[in-house]
Amino acid sequence: DAFADRLEASIAQWIAAGVRGVWLKIPKERAEFVGVAVHSGKFGFHHAEPGYVMMTRWLPNDEPDMLPPNASHQVGVGAFVTDGDGKVLLVQERR
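This text gives an overview of the structure that appears in the document. (Residues numbered from 1 in each chain as written. Predicted model: local features only at pLDDT ≥ 70, side-chain atom pairs only at ≥ 80, totals over all residues. Heavy atoms only, no water.)

**Side note on the pairing of strand β3 (residues 52-58)**
In terms of residue burial, β3 counts as a mostly covered element, since 6 of its 7 residues are buried. As defined by bridge partners, strand β1 (residues 21-27) adjoins β3 across 7 bridges and the pair is classed as antiparallel. Looking at β3, one finds that I26 is bridged to V53. The pairing of strand β2 (residues 44-49) with β3 spans 5 bridges and is classified as antiparallel. Across the sheet, residue F45 finds its bridge partner in β3, namely M55. Linking two consecutive strands that pair antiparallel, namely β2 and β3, is a turn of 2 residues. (Buried < 20%, exposed > 50% of the residue type's maximum accessible area, 1.4 Å probe, protein only. Helix = DSSP H or I, 4+ residues; strand = E, 2+ residues; numbered from the N terminus. Pairing = 2+ DSSP bridges.)

Written out as structure tokens, the structure is:
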């Protein structure tokens, strides 16, 4: 498979170049690549939108994955203030 071969070659180049985290955005028109990315490229799912799926892979095997997780919701905080005692003041917008 051409995509699997290119993905494998790209991963090898990224590792050689010292790249640590990779984001792979697959449009819905190429959804057949998702299985290849998971099984051959060892990518995991990050998030999906109506037009694409975003996948990630942390390349170093000897370090914890430092890629940020997907945001699952929005709080809608308008301000965030802390003081020296560890107290937090949040001001939330009205809807």
